[in-house]
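# Chain and residue survey
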Amino acid sequence: MFVLHVALQGCLRGRDVVYGLTADTGGHIRYLLDLVAASAQDPGIDRIVVATRLFDGPPGPDYAVPEERLGDKVALVRLASASPGYRTKEEMHAEVASFAGSLIAWIGAQGSAPDLIHAHYADAAAVAAIVEARLGIPFVFTAHSLGRVKASMLGEGAAENPDLARRIATEEAALARASLVIASSRDEAEVQYAGYAAYDPGRVRVLPPGSDLARFADSRPDPRVDATIARFLHDPEKPVLLALARPVARKNLAALVRAYGESADLQARANLVVVAGTREDIDALDGDMAATMRDLLVLIDRHDLYGRIAYPKTHRPEDVPALYAHARARGGLFVNPALNEPFGLTLLEASAAGLPLVATDSGGPNDIVETCGNGILVDPRDPGAIAAACTRILDDAGLYAACVAGGARAAAAYDWDRHAARYHALLRALGTPVPPLRAPRQLLICDIDNTLVGCAAGLSTFRRWRSRQAGLAFGVATGRSFHSAMAVLEQQDSPRPQVMITSVGSEIYHLDGNGVTYTADAAWRGTIAAGWEREPLRAALQGLDGLAPQGPLEQRAFKLSYFGDAAAAQGVRARLARAGLRASVIHSHGRYLDVLPERASKGTAVDHVRALYGLPERALFVAGDSGNDVEMLRARAQSIIVANYSDDLAGHAALRHSYVARASHARGIIEGVGHFRRALAHADAYADAHAG
């Protein structure tokens, strides 16, 4: 496979990237280079090319070199566009047509065309769309950051910004045209993209970036780095609050300085170290970086923080592990106060180095902290909340230790090899479509967690078994969101489901003809919407004892999710009855409680799918393990309870007809399907023998 990456923004070179050299030279370049390096390890990838702009003059001569070799099968090529000099992302739209022409000419000169283009940022997607129209090469899209998110930060002023309006329109076109959209986090996939008219959740995949975390886990203090920080401070051995980011407005470093300056307790407890890019002269900084640095200096002066805050002018890429080690050696922590962080590689680096995190609750940090349990999320617009979170971690030795232990899990959770394996599987599937079964004779729907997955050997057996099931459509029904469920299935190398029933039956997605993307079932959405009063329901349950809302990502248009025990579930039902509000209340695993439209459940969703396929009840098999599967199992004659069930499922009065497998997880599914097929065959044989 030949993969062509297109990335126009910033100063891109193969080695020793100077992050922060310009406002657009940031984390997307690190992401791209790490992805390319991981991709190159796959023997099935024959060639990788990164195409970017060629330009003369500042920031230096390296960016006028037509080609760099990055490895045996990897090259970076620079192609001319209309303007000879460096262009910011706001100016890049004027380069799209000319760069696309250069790229088409370059492709024509190659021995073979790329199999697929991967566009990074929306202007690159605009280029890829032109190439696709001319040459028929499909493209996937990674946004890295989104204009609508920036617009929400700016508030009312955003409507008057023509550059931002153009960027959002370009992103809309990219979402509408791309074969697949790759997001870094559930927040990006489910919240940030949701504001776009072209948003189609079934065409978005969450693939968290990896990170080479070994060098951060092994980081050691460097006397030279320590000295560059110590020269600012009265007491350089105090704990450190470390921030490492480009000085651009969206990184919100001013809020951190304000939080520190307004908290006498935090100043007494720790020093603040802000490593904000690399600069020679503030006036020479690109974009809004000069204004941001001046804002920081004004705040430092206003709060008289001299001797308590360090803000070194420069650092080298190889200094970063030592910066984390400096903070770790002093019992400090890492703070990311960005207004929105699409992913947050620095959070993984700092966490691997042994630092607890205080991070923005907007973007990728939601996924990182949920996965690793390595810090506290805060509202980045609330300096008081930032200060309180920092103080809480510093003052609670048990919490500090728990966050450090959570950080040790980061390397396993965010690995480039795993990312590349999923990424390549998706690219290959797009190139060789396997359309879903259109007229199945039977349908199997099973839960995911602790049913389909949970036993690697059992899932491996299931994959082999599934490959031999001609005429059987396969689907899943889960409490997870679509993107959360798909991430688990692809990480576990599950067979791709033909239908995805997600969010406890409140959403249904069907596999598209390309065998990769999915389309939401609009008819099902219309069915369950009748009578659903989301806001009155939410208001009615506020303040109920024993009931706590789950995180924002678990709240859906047709699902309210809480934590609560069995008593809380009874309280929910009673309160809704008193309020005259009708809803379905699902309690599972002793602690998860979901409030859904009255017509929504895994069971009713399964019936909807069975009807779409035109199958009789006897052609349907369902399998589950917990309380949120009851609605799916109770009305199905051929229901399977796997041996590792919970919530006393096998003893449930409504499930006495179910087959309780002797095997657990996926093997239990196979066993149950076999049991019911034998029973059907016996019944058919009996009917034939007694016919007439």
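Structural data are supplied above this passage.
Residues numbered from 1 in each chain as written. Predicted model: local features only at pLDDT ≥ 70, side-chain atom pairs only at ≥ 80, totals over all residues. Heavy atoms only, no water.

### A look at the pairing of strand β18 (residues 507-511)
- The buried fraction of β18 is high, at five of five residues.
- A two-sided burial pattern is seen for β18, the buried positions comprising E507, Y509 and L511 on one face and I508 and H510 on the other.
- Counting the residues between successive antiparallel strands, the hairpin from strand β17 (residues 499-502) to β18 contains four residues, one of them, S503, with a positive phi of roughly 50 degrees.
- Of the strand pairs in this sheet, β18 and strand β19 (residues 518-520) are connected by three bridges, and their pairing is antiparallel. In the strand pairing of β19, Y509 is matched with A520. (Buried < 20%, exposed > 50% of the residue type's maximum accessible area, 1.4 Å probe, protein only. Helix = DSSP H or I, 4+ residues; strand = E, 2+ residues; numbered from the N terminus. Pairing = 2+ DSSP bridges.)

### What about the pattern of salt bridges?
- By the definition in use, this model includes 43 salt bridges.
- Through salt bridges with shared partners, one network takes in R186, E190, E507, E554 and R556. (Salt bridge = Lys/Arg side-chain N within 4 Å of Asp/Glu carboxyl O.)

### Quick notes on the side chain of K238
- Inspection of the secondary structure assignment puts K238 in the loop between α8 (223-230) and β9 (240-244).
- Reaching out from K238, the side chain makes a polar contact with the backbone oxygen of Q267 at a distance of 2.8 Å.
- When neighbours within four sequence positions are excluded, K238 is seen to be in contact with Q267, A268, R269, A270, N271 and R330. (Polar contact = N/O pair within 3.5 Å; in protein donor to acceptor, adjacent residues only side chain to side chain. Contact = heavy atoms within 4.5 Å.)

### Brief notes about the packing of aromatic side chains
- One pass over the full model with this rule turns up 15 aromatic pairs.
- Judged by centre distance (5.4 Å) and plane angle (70 degrees), the ring pair of F482 and Y518 falls under edge-to-face. Of the two residues, F482 is situated in helix α20 (residues 482-491) and Y518 in strand β19; the sequence distance between them amounts to 36 residues.
- A relative accessible area of 0% places F482 in the buried class.
- For the ring pair F563 and Y592, a centre distance of 6.0 Å and an interplane angle of 45 degrees mean the geometry is tilted. (Phe/Tyr/Trp six-rings, centres within 6.5 Å; stacked < 30°, edge-to-face > 60°.)

### Comments concerning the nonpolar core
- Counting 73 residues, the largest nonpolar core has L241, L242, V257, Y324 and F334 as the members making the most contacts within it.
- F334 has contacts with L242, A243, L244, Y324, T346, L347, A350, L355, P356, L357 and V358, leaving out every residue within four places of it along the chain.
- Residues L8, I104, A125 and L164 belong to the second largest nonpolar core, which totals 48 residues. (Core = buried A, V, L, I, M, F, W, Y, C linked by side-chain atoms within 4.5 Å.)

### Some words on unusual backbone geometry
- With an omega of 10 degrees, the peptide bond between P58 and P59 qualifies as cis.
- Residue placement: P59 occurs in the loop between β2 (47-53) and β3 (67-71).
- The backbone of D648 sits at a positive phi, close to 50 degrees, despite the residue not being glycine.
- Non-glycine residue H665 carries a positive phi angle of around 50 degrees.
- Structurally, H665 is set in helix α26 (residues 665-689).
- By relative accessible area, which is 12% here, H665 ends up buried.

### Concerning the sheet that holds strand β26 (residues 659-660)
- Taken in spatial order, the eight strands of this open sheet run β19-β18-β17-β16-β15-β24-β25-β26, and their pairing is mixed. Looking at the sheet topology across the chains shown, the edges are occupied by β19 and β26.
- In the sheet, strand β15 (residues 442-446) pairs with strand β24 (residues 620-624) via four bridges, with the strands oriented parallel. Opposite L443, over in β24, you have L620 as the bridge partner.
- Sheet strands in contact with α26 are β15, β16 (472-477), β24, β25 (639-641) and β26, and its direction is about 145 degrees off that of β25. (Axes fitted to C-alpha atoms, helices over the stretch in contact; angles between N-to-C directions.)

### Focus: the sheet that holds strand β8 (residues 204-206)
- Reading across the sheet, the eight strands line up as β3-β4-β2-β1-β5-β6-β7-β8 and stay open at both edges, with mixed pairing between neighbours. Among the strands making up the open sheet, the edge pair consists of β3 and β8. Put simply, the sheet's adjacent strands are angled 25 degrees from each other on average, direction ignored.

### Side note on the pairing of strand β7 (residues 180-183)
- Every second residue of β7 is oriented toward a common face, with L180 and I182 on one face and V181 and A183 on the other, all of them buried.
- Note: strand β6 (residues 139-142) against β7, two bridges, orientation parallel. The residue bridging F141 from the neighbouring strand is V181, located in β7.
- Pairing between β7 and β8: three bridges, direction parallel. Across the sheet, A183 pairs through a bridge with V206, a residue of β8.
- In this fold, β7 hands off to helix α6 (residues 186-192), which returns the chain to β8; that crossover is right-handed. (Right-handed = clockwise from strand over helix to strand, strands pointing away.)

### Focus: helix α16 (residues 397-407)
- Those residues of α16 that fall on the buried side of the exposure criterion are L399, Y400, C403, G406 and G407. Along the long axis of α16, the arc covered by the buried residues comes to 125 degrees, so they all point the same way.
- N-cap assignment for α16: the residue whose side-chain oxygen lies 3.1 Å from the backbone N of G398 is D396. (Arc of directions from axis to C-beta.)

### Here's the deal with helix α22 (residues 534-541)
- The set of residues buried in α22 consists of L537, A540 and L541. Around the axis of α22, the buried residues are gathered within 90 degrees of arc, so they sit on the same side.
- Contacts made by the buried residues of α22 are with β21 (560-563), α23 (566-579) and β23 (592-596).
- Phi turns positive one or two residues past the end of α22, at G543, with a value near 80 degrees.

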